[in-house]
Amino acid sequence: MKLDARATKKTQKQEGAHYTPSGLAEFVARHLAAVCEVERPFVLDPAVGDGELLLAFGRALGRSCTLKGFDLDPVAVTNAKARLREGLPEMVGEVKEQDFLEFALQHRGDSLFATPGSFDVVIANPPYVRTQVMGAERSQRLAQQFDLYGRVDLSFAFIEGIADVLKDGGVAGIIVSNRFMTTKAGSQVRERLLSRFEVLHVWDFGDTKLFEAAVLPAVLLVRKRLKVPACHPRFTSIYSTGEPPIHQAATVYEALSNGSGAVSVSGTTFLVQHGQLNHGADRNGTWRIATESGDAWLDTVRDNTFCTFGDVGKIRVGVKTTADKVFVRKEWDTLPEEMRPEVLRPLITHHVARRYKSLPADRQILYTHEDRDGKKSVIDLASLPRTKRYLESHRATLEARTYVIESGRQWFEIWVPQLPSLWPVPKLVFPDISERPTFWMSLDGEIINGDCYWLAANDRTGSDLLWLALAVANSRFIESFYDHAFNNKLYAGRRRFMTQYVEKFPLPSPTLPASIEIISLARRIYALTPGDEADALAARIDQLVESAFGLAKEASR
């Protein structure tokens, strides 16, 4: 569906105004109408846009209903009214220029003044606007009004509002970003959804590119919870794959009607999976698709897990200067000698990422902290004349970072430093996003940049577990584990290697014969990278890792 002329890229980002494609609207409406048991339902779209969702639901229902829509955009309201009059001339209802969240607050809470929910059906594509775009003031107000915490997204407040305005037993079809299913920020949404609703079906549309925006959508079909036993929620996912197709389909939506397997849609192959929603023991646990074969695979892995990466050591994010143009350069030697800082250190970024052993660091960072009696301390500019001279030349830029000074720090400090005492320690390093796992060992005391994460072993007396982790992290096995355990990819098959995922990566016992060989091979690969021999040894590690986790017969030599 074409966006309204007012919905520029800027307003799209600020207000989350990405209108619903007609095919997706029809998909949501069809499944929502199938679970609507009210003869003449009262139906709401809280962010009506051009009216596509209400239009699709009225057609899918096939019987009389009353429609209501809210939107803050007067042009959208006018367009929606016209489309609904033309497309559903027999329907009763109204579209209003009004803030749904203000309306929802009238229905919130258990006080005598709260209005009971009045809608039988809600069909919605709530705005997707994150905290940093909304601004602190608006975000804090929404958090207080809707009892939210952490990184508040506008869609989180809409989901709470939808629960407030629905009648008990009312049903909703909600289009959301799939990020909430696996991120820490989404834990409160997962808990609220399972507390306030009976989840009937979840569809994760993955990287099907249904929207122009870089948002991976999901559809939730829910019923406002009654005091009855909950059903077993169904979960369907579809992601691009390199597997050969076994089915053909004209559209992504048609592909979902087939059984599980690889489906070709207009030249792109997608893997469709059907199973049940699994969120672990807690209501705020991450959501993943559970299938009989997938759960059996994970059970085998758990039975052969000695510890996790999080047990080996804390996963940390790299440094963030918030003024890279000042602190980070490739060619410091082009500066006059009297301006070249004394405290430069090699900096590792995702630009030099390579499995097992990175490319050489191609830039240096002016590091404003040092180790003093085992503690991180700010450098003394008085004893570093060239560093002081250089920083003073950029003082206006650095002092513009008012948040640094307001936090009690000195004007020239980098914002997120690392502990200098950990510089010489072996570190497992990896970028935030990559198509295939890309982990390497840092042995030369490099500083790790904020576009990467790193792990140093708690036990400094030996590094075998770290080398074992390096091999497992780069193995074919970990790709399968990621997809089974987290079920979350970005576009083009890329995976996001966040702390909450990597800390759960499993390790086999280091005393197993297979593990001992894996550790030895990992060290050899590091020494031989790059080279054909290193690649051949990595293939051998793939076999050994699967064997160590009980997933294959003992790998042949």
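Residues numbered from 1 in each chain as written. Predicted model: local features only at pLDDT ≥ 70, side-chain atom pairs only at ≥ 80, totals over all residues. Heavy atoms only, no water.

(A) Seen up close, unusual backbone geometry. Cis peptide bonds are those with omega within 30 degrees of zero, and the linkage from Thr529 to Pro530 qualifies with 0°. Along the chain, the position of Pro530 falls in the loop between helix H20 (513-528) and helix H21 (532-548). Phi is positive for Tyr356, which is not a glycine, with a value near 75°. Counting through the fold element by element, Tyr356 comes out in the loop between strand E16 (344-348) and strand E17 (363-366). The class for Tyr356 is buried, based on a relative accessible area of 4%. The residue Asp373 is not glycine, and still its phi comes out positive at about 55°. Locating Asp373 in the fold gives a position in the loop between strand E18 (369-372) and strand E19 (375-378). (Helix = DSSP H or I, 4+ residues; strand = E, 2+ residues; numbered from the N terminus. Buried < 20%, exposed > 50% of the residue type's maximum accessible area, 1.4 Å probe, protein only.)

(B) Structural context of the packing of H20 against H21. It is at 9 Å that the axes of H20 and H21 come closest, and there the two elements cross at 160°. Relative to H21, the element H20 lies roughly antiparallel. Considering only the axes of H20 and H21, their crossing is left-handed. Contacts from Ala514, Ser515, Glu517, Ile518, Leu521, Ala522, Arg524, Ile525 and Leu528 of H20 reach H21 at Glu533, Ala534, Leu537, Ala538, Arg540, Ile541, Leu544, Val545 and Ala548. Split into classes, the residues belonging to the contact of H20 with H21 amount to 13 nonpolar, one polar and four charged. (Axes fitted to C-alpha atoms, helices over the stretch in contact; angles between N-to-C directions. Parallel < 35°, antiparallel > 145°, perpendicular 65-115°, else oblique. Left-handed = near helix turned anticlockwise from the far one by under 90°. Contact = heavy atoms within 4.5 Å. Nonpolar A, V, L, I, M, F, W, Y, C, P; charged D, E, K, R; others polar.)

(C) Inspection of the pairing of E18 at higher detail. Bridge count for E18 against E19 is four bridges, and the pairing is antiparallel. From the neighbouring strand, Glu370 faces E19, where its bridge partner is Ser377. (Pairing = 2+ DSSP bridges.)

(D) Structural context of the pairing of strand E5 (residues 166-177). Counting buried positions along E5 yields nine of twelve residues, so the element is predominantly enclosed. Here strand E4 (residues 119-124) runs beside E5; their pairing, made up of five bridges, is parallel. Within the sheet, the bridge partner assigned to Ile123 lies in E5 and is Gly173. Here E5 pairs with strand E7 (residues 217-224) via seven bridges, running antiparallel.

(E) Representation of the sheet that holds strand E15 (residues 328-329) within the structure. The mixed open sheet is built from four strands, whose spatial order is E15-E17-E16-E23. Two strands close off the open sheet at either side, each with one partner strand: E15 and strand E23 (447-448). Taken together, the four bridges between E16 and E17 define a ladder with antiparallel strand orientation. Bridging across to E17, Arg345 finds its partner in Ile365.

(F) Representation of the environment of Gln140 within the structure. Within the fold, Gln140 resides in helix H7 (residues 136-145). Spatially, the C-alpha atom of Gln140 lies 43 Å from that of Leu465, the residues being 325 residues apart in sequence.

(G) Fine view of the state of the cysteines. Scanning all chains against the criterion turns up zero disulfides. Unpaired in this structure, Cys36 has its nearest cysteine sulfur neighbour in Cys65, at a distance of 8.3 Å. The exposure class of Cys36 is buried, given its relative accessible area of 9%. (Disulfide = S-S within 2.5 Å.)

(H) Representation of the nonpolar core. Of all hydrophobic cores here, the largest spans 50 residues; its most connected members are Phe309, Phe439, Val472, Phe477, Phe481 and Phe505. Here Phe505 is in contact with Cys307, Thr308, Phe309, Phe439, Ile478, Phe481, Tyr482, Phe486 and Phe497, once residues within four sequence places are set aside. Among the nonpolar cores identified, the runner-up in size contains 44 residues, and Ala29, Ala56, Leu210 and Ala249 belong to it. (Core = buried A, V, L, I, M, F, W, Y, C linked by side-chain atoms within 4.5 Å.)

(I) Just the packing of aromatic side chains, in detail. Enumeration over the complete set of coordinates arrives at 31 aromatic pairs. With a centroid separation of 5.8 Å and an interplanar angle of 90°, the aromatic rings of Phe439 and Phe497 are classed as edge-to-face. With Phe439 in the loop between strand E21 (433-434) and strand E22 (440-442) and Phe497 in the loop between strand E25 (495-496) and helix H19 (499-502), this residue pair connects regions lying 58 residues apart in the sequence. Over the aromatic face of Trp332 sits the side chain of Arg329, whose NZ or CZ is 5.6 Å from the ring centroid. (Phe/Tyr/Trp six-rings, centres within 6.5 Å; stacked < 30°, edge-to-face > 60°. Lys NZ or Arg CZ within 6 Å of the ring centre and 35° of its normal.)

(J) Here's a closer look at the packing of helix H11 (residues 292-303) against helix H18 (residues 476-485). Across the interface, H11 lies against H18 with an axial gap of 10 Å and an inter-helix angle of 125°. On the basis of the axis angle, H11 is oblique to H18. Two packed elements cross with a definite hand, and for H11 against H18 that hand is left-handed. Residues Gly294, Trp297, Leu298 and Val301 of H11 pack against Phe477, Ser480, Phe481, His484 and Ala485 of H18.

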